[in-house]
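Listed here are the chains, written in short residue letters.
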There are 4 protein chains.
Amino acid sequence: MPAEFTMKRRVQFAETDMAGVLHFSNYFRYMEEVEHAFWRALGLTVYLREGDPHLSWPRVSATCEYFAPLRFEDELELHLRLTKLGEKSLHYEVEFRRDGEKCALGRISAVCCATEPGAFAPTKIPPEIRRRLEAGVGR
Amino acid sequence: MPAEFTMKRRVQFAETDMAGVLHFSNYFRYMEEVEHAFWRALGLTVYLREGDPHLSWPRVSATCEYFAPLRFEDELELHLRLTKLGEKSLHYEVEFRRDGEKCALGRISAVCCATEPGAFAPTKIPPEIRRRLEAGVGR
Amino acid sequence: MPAEFTMKRRVQFAETDMAGVLHFSNYFRYMEEVEHAFWRALGLTVYLREGDPHLSWPRVSATCEYFAPLRFEDELELHLRLTKLGEKSLHYEVEFRRDGEKCALGRISAVCCATEPGAFAPTKIPPEIRRRLEAGVGR
Amino acid sequence: MPAEFTMKRRVQFAETDMAGVLHFSNYFRYMEEVEHAFWRALGLTVYLREGDPHLSWPRVSATCEYFAPLRFEDELELHLRLTKLGEKSLHYEVEFRRDGEKCALGRISAVCCATEPGAFAPTKIPPEIRRRLEAGVGR
């Protein structure tokens, strides 16, 4: 497992807006899609429902810088890098590339939480998840 | 026109996710909704289609900090403040309040562009739009 | 409470697509928004979380006919009519009007279900909910 | 090219709602995604921007029947069948299968239109597009 996880994603029609480009809010959905694909590649899922308590990963912050517009049917490479793994938090960034051009850069910070529907309590990242994420980032 | 523009917005079912809260990407849509309502309150629209060239406002960056989860049917107050008005750019922030509690804070930077569908060229903010935005921010 | 429930809704930028119109999938979200506003007007919510069991209303079918395109900032009137109230099901239609013009007509059928997250069991509509819905449709 | 076109699609987190399932409006986005993938497989795109006039395919009607809920990370097979090819219209259906189980069935009717942003005029399906679609449906 390399320190970087990559996924291809094509811009869909419903994701564009009347300015003819990928709506800026949808970049955050793409970031989450590659994050979840990364988890699956590690044999994990972001939404553990077995066991007690359930875990989820609410976001503390999310940001995106936009360098070039993306259009319908563009095929992107999404490059995810885990940049920090805290005791209860994880931090990653996603680069959006089209034909090698860096078109956007996003960052998300999330906190590991024991969760009931609609309610969250921060908790330490369980050792098995931490072990796999650390392996996933090449450390 | 006060320096701050406020709009109410209720969290809709389709905007929640399986964790039972407003999905973090949808906060960016809320920010844009209050931005556009602000423009309408100034007698403007963000998407001028009459005249030559057309203008639009692609985003350079967008960010959100999340302090408390929002749930289905929560009624929010969105408080927009224009924080900077550059020669070609505008910068604003939006505070998400529920019953007076600050639940999230977002920021967006956008550039004034002459636009064809899918293509953008940065241009000076036209004087009439600048005049109205400046009036709108109480300067 | 009249037999028809009406709500205003403005088309938002993120809901348009690169063809410059409200994306056809978003009409279904508008239908659900007016449905839920109708429930609130009756003193109800579609997602009861107190009590045992929880109720929700998964959809059996949804359809929409499109008569005229809708554009950014169009202000619509959504007219909801409950067309049938079965033992376990409800059926309604929503007319989309812009300046009196009928631009679309949607229909949704839903079933009352006792629900756990991700799982549903059809159940009779509780008497109190039925009473309010019947009052709401003017019968 | 067979009479049926198939694509895999995984349910994403942002597409679920607080009931823990794929929101009913998102099925219509999935239908459009497999439609556009079908067009690409035929060497076409639904949004011709070169040449005069531009073509697009606004929807006349869309419907979906829901048989079983779909959940986060479910991997679906979307089976598209062109059911009718009129002079100016096309009609198709999409079956949603999970592990061979038919979970939903959708139908969309669309009209070939010469288009300016936000405006549409019905027009005959161009011969080259018709030829490829007919080949695509195995006739």
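Calculation rules
- Residues numbered from 1 in each chain as written.
- Chains lettered and ligands numbered in written order.
- Predicted model: local features only at pLDDT ≥ 70, side-chain atom pairs only at ≥ 80, totals over all residues.
- Heavy atoms only, no water.
- Salt bridge = Lys/Arg side-chain N within 4 Å of Asp/Glu carboxyl O.
- Helix = DSSP H or I, 4+ residues; strand = E, 2+ residues; numbered from the N terminus.
- Buried < 20%, exposed > 50% of the residue type's maximum accessible area, 1.4 Å probe, protein only.
- Least-squares fit on C-alpha atoms with pLDDT ≥ 70 in both.
- Contact = heavy atoms within 4.5 Å.
- Pairing = 2+ DSSP bridges.
- Buried area = accessible area lost by both parts, 1.4 Å probe.
- Nonpolar A, V, L, I, M, F, W, Y, C, P; charged D, E, K, R; others polar.
- Polar contact = N/O pair within 3.5 Å; in protein donor to acceptor, adjacent residues only side chain to side chain.
- Axes fitted to C-alpha atoms, helices over the stretch in contact; angles between N-to-C directions.
- pLDDT = per-residue confidence, 0-100.

Moving on, we get to the pattern of salt bridges. As enumerated under the stated definition, the model contains 68 salt bridges over all chains in all. The shortest N-O distance in the salt bridge between Glu73(C) and Arg40(B) comes to 2.8 Å. Separated into two different chains, Glu73(C) in the loop between strand S3 (59–66) and strand S4 (75–85) and Arg40(B) in helix H1 (residues 26–41) make up a pair that spans both. The exposure class of Glu73(C) is buried, given its relative accessible area of 17%.

On to the relation of the copies chain D and chain A, then. Once chain D is rotated about the relating axis by 180 degrees and shifted along it by 0.0 Å, it coincides with chain A to within an RMSD of 0.0 Å. Such a combination of turn and shift is consistent with a two-fold rotation axis. Across chain D, the smallest distance between a C-alpha and the rotation axis is recorded for Arg9(D), namely 5.9 Å. Interface overlap between copies is the fraction of interface residues in one copy that are interface residues in the other; for chain D against chain A it reaches 100%, indicating a shared surface.

A few words now on the sheet that holds strand S2 (residues 55–56) of chain C. Remark on secondary structure: sheet strands pair via backbone hydrogen bonds, oriented parallel or antiparallel. All names here are of chain C. Here three strands make up an open sheet; going across it, the order is S2-S7-S8 and the pairing antiparallel. Strands at the two margins of the open sheet, each flanked by one partner only, are S2 and strand S8 (119–122). The pairing of S2 with strand S7 (residues 113–116) spans two bridges and is antiparallel. Each residue of the ladder has a partner; that of Leu-55, found in S7, is Ala-114.

Attention shifts here to the interface of chain C and chain D. Taken residue by residue, the interface counts 27 residues in chain C and 28 residues in chain D. Buried area between chain C and chain D, summed over both chains or domains, comes out near 2300 Å², and the portion from carbon and sulfur atoms is 60%. Across the chain C-chain D interface, the total number found is zero salt bridges. Those elements that place two or more of their residues in the side of chain C that touches chain D are helix H1 (26–41), S3 and S8 of chain C. Of the residues forming the side of chain C that touches chain D, the biggest block, eight residues, is contributed by S3(C). The class makeup of the residues in the side of chain C that touches chain D is 15 nonpolar, seven polar and five charged.

Facing 14 residues of chain D, the contacting portion of chain A comprises 14 residues. Summing the contributions of chain D and of chain A, the shared interface buries around 1500 Å²; its carbon and sulfur component is 52%. The interface formed by chain D and chain A contains two salt bridges. Linking chain D with chain A are four residue pairs in polar contact (both at pLDDT 80 or more). Across the side of chain D that touches chain A, the residue classes break down as five nonpolar, three polar and six charged.

At an RMSD of 0.0 Å, chain C and chain D line up after a rotation of 180 degrees and a shift of 0.0 Å along the axis. The overlap is high: 100% of the interface residues of chain C also sit at the interface in chain D, so the same surface is used on both sides.

On the basis of which strands lie adjacent, the open sheet formed by 10 strands has the order S1(A)-S4(A)-S5(A)-S6(A)-S3(A)-S3(B)-S6(B)-S5(B)-S4(B)-S1(B) and antiparallel pairing. A single partner strand is all that each edge strand has here, and the edge strands are strand S1 (4–10) of chain A together with strand S1 (4–10) of chain B. Neighbour-to-neighbour, the strand axes of this sheet turn through a mean angle of 20 degrees, independent of strand direction.

The next point concerns the confidence of the model for chain A. When pLDDT is averaged along chain A, the result is 90; 90% of the residues meet or exceed 70. Across the whole predicted complex the pTM is 0.95, and at the interface the ipTM reaches 0.93.

When you line up the elements, His54(C) lands in the loop between H1 and S2. The class for His54(C) is buried, based on a relative accessible area of 19%.

All right, on to the pairing of strand S5 (residues 89–98) of chain C then. Residues and elements named next belong to chain C. Of all 10 residues making up S5, nine are buried, and the element is well covered by its neighbours. Sheet analysis places S4 next to S5, joined by eight bridges and oriented antiparallel. The residue of S5 that forms the bridge with Lys-84 is His-91. As consecutive antiparallel partners, S4 and S5 are separated by three residues. Between S5 and strand S6 (residues 101–111), which follow one another and run antiparallel, lie two residues, and Asp-99 among them has a positive phi close to 50 degrees.

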